[in-house]
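# Overview (structure and organization)
In case you want the letters, here they are:
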Amino acid sequence: MASEYVPETSEIGCLTAHSNEDSQFVGSSSGVYFIKTVKRAFNGLDGPFPTAEEMLVGETSSCDKRQRTSSTRDTAPLKVVESPAEWTYDPSLTASLGSLPPPDVARGFMMMYFKVWHPLFPFLHGPTFLQGMEKVYSSENQNQHTQEPCIDHRSTCWTTILQCVFNLGSLLAPDLDLPSESKIQSPDSFNSLLGTLSSRHDIVSLQALLAIQVYLVATMSLRQASTVGGCILRSMLHAGLHRCPFRYKQLSTHDRQLRKRVFWCAYAIDRYLSQALGLPLGIQDSDIDVCLPAAREMHSPRGETTQSANGSSAPQHGVEGHDKERVLASYVNSGTLTGRALELFHKSILVRSVRRSSVLFLVTDVHKWWNGLPIDLQRKPAGGSAMADAAFDFAPFFTVLYQHLILIIHRPSLSLDPSTAEFCSGLQTCIGAARAILSALRLQVDSHQALFWPGLLSAAWMSGLVLALACQLNQYSLTKGLQEIEEFSGFLRLMSSKWETAKHCQISLSVLAAKIQQSESSSDPTANSQAYVTRGSEGSPTLVQSLTTREENLQRLSRLSHLQEQPALSAEPSDIRRWKNTWEESMRRGHDPTLVPPVSMQLSQMNEQEILDDIPSSLQMDLQGTGSARFEGISNFDLNMVDLIEGANFDTLFDIIGQQFPNF
């Protein structure tokens, strides 16, 4: 019986390696493999026969021709060079990327980078970076001049890498002062570099682009980071990084490992940006055959047969290599699961079809990924040190990743009717995930570790929204919910020193918490007057205490006549009328605001009747003994934020928002 499947061919495309770092790839769909098949059929063909690439791709730049030595896919392995070629600091980048910081300062920032960022995204080779850093700070390299026509490209790449590393390190160590002349001026500073760095498809150019992208992600310039990701994707495809480097025998072992690390770092960042921005995936899993980091190699170079002891034809990594790449490998696996969730729930509505079995399989694989993580990536090691020279603890980070995946998968069910079983089950699952995220953030802060990843912000923000929704629908304890929302608000306030978006999220959660407290008080006439207060970094209230019942306010208002004896209080009737007009406008918009007079509106020389005429009875409150600190920050509060919260869904709301030395 004939098989229904078409027999597979051995077509893998053509990789031309021009140097240890530089390569060009042409896929078999271009016809390159068929051209080679025809050429083999005419084995005795006389005369010159151009290469398949020359007939399909077109001319390369003149600079590339001078730099590259002609090579074919079947050449011998290239000699590995584990130190950068001679290069100088590119002075043309000083205006946008800054100048080199002093050596001692640079060393401190470099250490912070390799402690936190490098284990997660090891697209740099540690010893190579150290050698390059030593060269650029040496007096001989500073005074060295070269006449090589294309050396400027390498200098541009390494200058970009160094400045991004130093600036990323400064974000992790605010106590160390990076000189202002060494700081990257703005996210737009990289725009002019993208064309230069994308013109070549060598490893150092991709490393420079990835350094830029990580910096943009760290500063939460996500749209710019996504744009850079587009350049990275095309450069990787042209260089053939989406194909397993172990297929090609002309690549050195060092080059193979580095190509894999560069590719998977770009893949992981693409998955995060696609989820954060709600965009289609840039890299499809079906287009990749690169073996996962820290995993058994499934490929061997063409023409070679390397049988291992267990019979598999795949070269093996050493145990040390596995251990060093396990953080990247674990994060890549979470990115794969994130991509599956996006493909399942967020495709075009014309083709979207979500099967229950697909959701169950996805949830199962998420739990399987979490259960299979190394112990130290799931919980803090016993007796772990929080000292500056201790290795960074990624356990809270991966806990947030896991629970955020649970939120992402179950969040679509929260848009259903609250009476459905899917909504009720999804809400309780999300509540559990939100509380686990809170515990992980608490551990991260208590361990004095940097909140370095912007995904922590979106996880905290979404978790606070879940708890607010549950409290509003009386599906969760109001006492616990308000306390936990306040704690999330505190973490967002900590993050606001790093990311402006966190300020908007923190204000929004405060508004929701105040409205929940107001609803609780109005529905319970016996509720005590204990108010829910959100406190600022100095411990003073930043949001006014929620109102108690109307009856209590009216009783207290009757005592306002005694305020005439207080000489320190003063106000203008126009201030009260402006506040009244604001309240009336808010009522016309259809929501029940919790409005409080600005600080300047303090009462004196006004009788009780004037107050009753100008202040809505439902919002009258006892101002006796109230200092200006009680209303700190309210006069600048944007009341339109309430409209945004009440009239939007989750997707719209989301839009507002180691080792001592590196040795691998």
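Quick caveat: nothing in here was measured; it's all calculated off a predicted structure.

Scanning the chain from terminus to terminus reveals 25 helices and two strands. Surface exposure of the chain reaches about 31,600 Å², of which carbon and sulfur atoms provide 52%.

As a further point, take the state of the cysteines. A covalent bond bridging the sulfur atoms of two cysteines is what the word disulfide describes. Following the criterion strictly, the structure yields zero disulfides and no others. Considering cysteine sulfurs only, Cys 244 is the nearest to Cys 291, which forms no disulfide, with 4.0 Å between them. A relative accessible area of 4% means that Cys 291 is categorised as buried.

Moving on to the packing of helix α17 (residues 421-446) against helix α19 (residues 478-495). One can describe the packing of α17 onto α19 by two numbers: an axis separation of 11 Å at closest approach and a directional angle of 45°. Taken as axis vectors, α17 and α19 run oblique relative to one another. The element α17 and its partner α19 pack so that their crossing is left-handed. Contacts between α17 and α19 involve Ala 434, Arg 435, Ile 437, Leu 438, Leu 441, Arg 442 and Val 445 on the former and, on the latter, Lys 480, Glu 484, Glu 487, Phe 488, Phe 491, Leu 494 and Met 495. Of the residues that constitute the contact of α17 with α19, the class distribution is nine nonpolar, no polar and five charged.

Here we come to the pattern of salt bridges. Per the counting criterion, the structure on display carries 11 salt bridges. With a shortest N-O distance of 4.0 Å, Arg 200 and Asp 202 are connected by a salt bridge. Of the two residues, Arg 200 and Asp 202, both sit in the buried class. When the shortest N-O distance is used, the salt bridge between Arg 356 and Glu 422 registers 3.0 Å. Of the two residues, Arg 356 is situated in helix α15 (residues 356-371) and Glu 422 in helix α17; the sequence distance between them amounts to 66 residues. One network of salt bridges, with partners in common, ties together Asp 270, Arg 271 and Asp 285.

Under the counting rule described, the total for this entry stands at 24 aromatic pairs. Centre to centre, the rings of Tyr 113 and Phe 114 are 5.3 Å apart; their planes meet at 85°, and the pair counts as edge-to-face. Residue Phe 114 is classed as buried on the basis of its relative accessible area, which comes to 2%. Taken together, the aromatic side chains of Trp 117, Phe 121, Tyr 272, Tyr 331, Trp 369, Phe 392, Phe 394, Phe 397, Phe 398, Phe 452 and Trp 453 make up a single cluster linked through ring pairs. Over the face of the ring belonging to Trp 499 we find Lys 498, whose NZ or CZ atom lies 5.8 Å from the ring centre.

By size, the foremost hydrophobic cluster in this structure holds 142 residues, and its most contacted members are Phe 121 and Phe 398. In contact with Phe 398, other than residues within four places in its own chain, are Val 327, Ser 330, Tyr 331, Trp 369, Trp 370, Leu 373 and Leu 377.

Taken together, the side chains of Ile 349, Leu 350 and Val 351 present a nonpolar region at the surface, about 390 Å² in accessible area. Mapped onto the elements of the fold, Ile 349 is located in the loop between α14 (326-345) and α15. We classify Ile 349 as exposed; its relative accessible area is 69%.

So, about helix α16 (residues 395-410). A turn of α-helix holds 3.6 residues, and therefore any two residues three or four places apart point the same way. Along its 16 residues, α16 runs 23 Å from first to last C-alpha, staying within 8% of the 22 Å computed at 1.5 Å per residue. By the criterion of burial, α16 is predominantly enclosed, with 16 of the 16 residues buried.

This part is about the confidence of the model for the chain. Overall, the prediction assigns the chain a mean pLDDT of 74, with 59% of residues at 70 or greater. For the chain, helix α25 (residues 650-655) is the element with the lowest average pLDDT, namely 38, and helix α10 (residues 203-218) is the one with the highest, namely 97. Contacts from residues 62-83, a stretch scored under 50 in pLDDT, to residues over four places away or in other chains number 45 contacts.

Size it by volume and the largest cavity reaches roughly 210 Å³. What lines the largest cavity is a set of 19 residues, among which Tyr 272, Tyr 331, Thr 338, Leu 401 and His 404 lie closest to the centre. Among the secondary structure elements, those contributing two or more residues to the lining of the largest cavity are α12 (253-277), α14, α16 and α18 (455-472). With six residues, the single largest contributor to the lining of the largest cavity is α16. Of the residues assigned to the lining of the largest cavity, the class counts are 11 nonpolar, seven polar and one charged.

Positive phi outside glycine occurs at His 448, with the angle close to 60°. The residue His 448 is located in the loop between α17 and α18 in this model. Even without a glycine there, the phi angle at Asn 474 is positive, about 55°.

Cut-offs applied
Residues numbered from 1 in each chain as written. Predicted model: local features only at pLDDT ≥ 70, side-chain atom pairs only at ≥ 80, totals over all residues. Heavy atoms only, no water. Helix = DSSP H or I, 4+ residues; strand = E, 2+ residues; numbered from the N terminus. Areas by Shrake-Rupley, 256 points an atom, 1.4 Å probe, with all protein chains shown as cover. Disulfide = S-S within 2.5 Å. Buried < 20%, exposed > 50% of the residue type's maximum accessible area, 1.4 Å probe, protein only. Axes fitted to C-alpha atoms, helices over the stretch in contact; angles between N-to-C directions. Parallel < 35°, antiparallel > 145°, perpendicular 65-115°, else oblique. Left-handed = near helix turned anticlockwise from the far one by under 90°. Contact = heavy atoms within 4.5 Å. Nonpolar A, V, L, I, M, F, W, Y, C, P; charged D, E, K, R; others polar. Salt bridge = Lys/Arg side-chain N within 4 Å of Asp/Glu carboxyl O. Phe/Tyr/Trp six-rings, centres within 6.5 Å; stacked < 30°, edge-to-face > 60°. Lys NZ or Arg CZ within 6 Å of the ring centre and 35° of its normal. Core = buried A, V, L, I, M, F, W, Y, C linked by side-chain atoms within 4.5 Å. Patch = residues over 30% accessible without salt bridge, like charges linked within 9 Å, V, L, I, M, F, W, Y side chains within 5 Å. Expected span 1.5 Å × (residues − 1). pLDDT = per-residue confidence, 0-100. 1 Å grid on protein atoms, 1.4 Å probe; cavity = no way out; pocket = protein on both sides within 12 Å on 5 of 7 lines; lining within 4 Å. Points joined across faces, edges and corners; volume = space filled by probe spheres on them.

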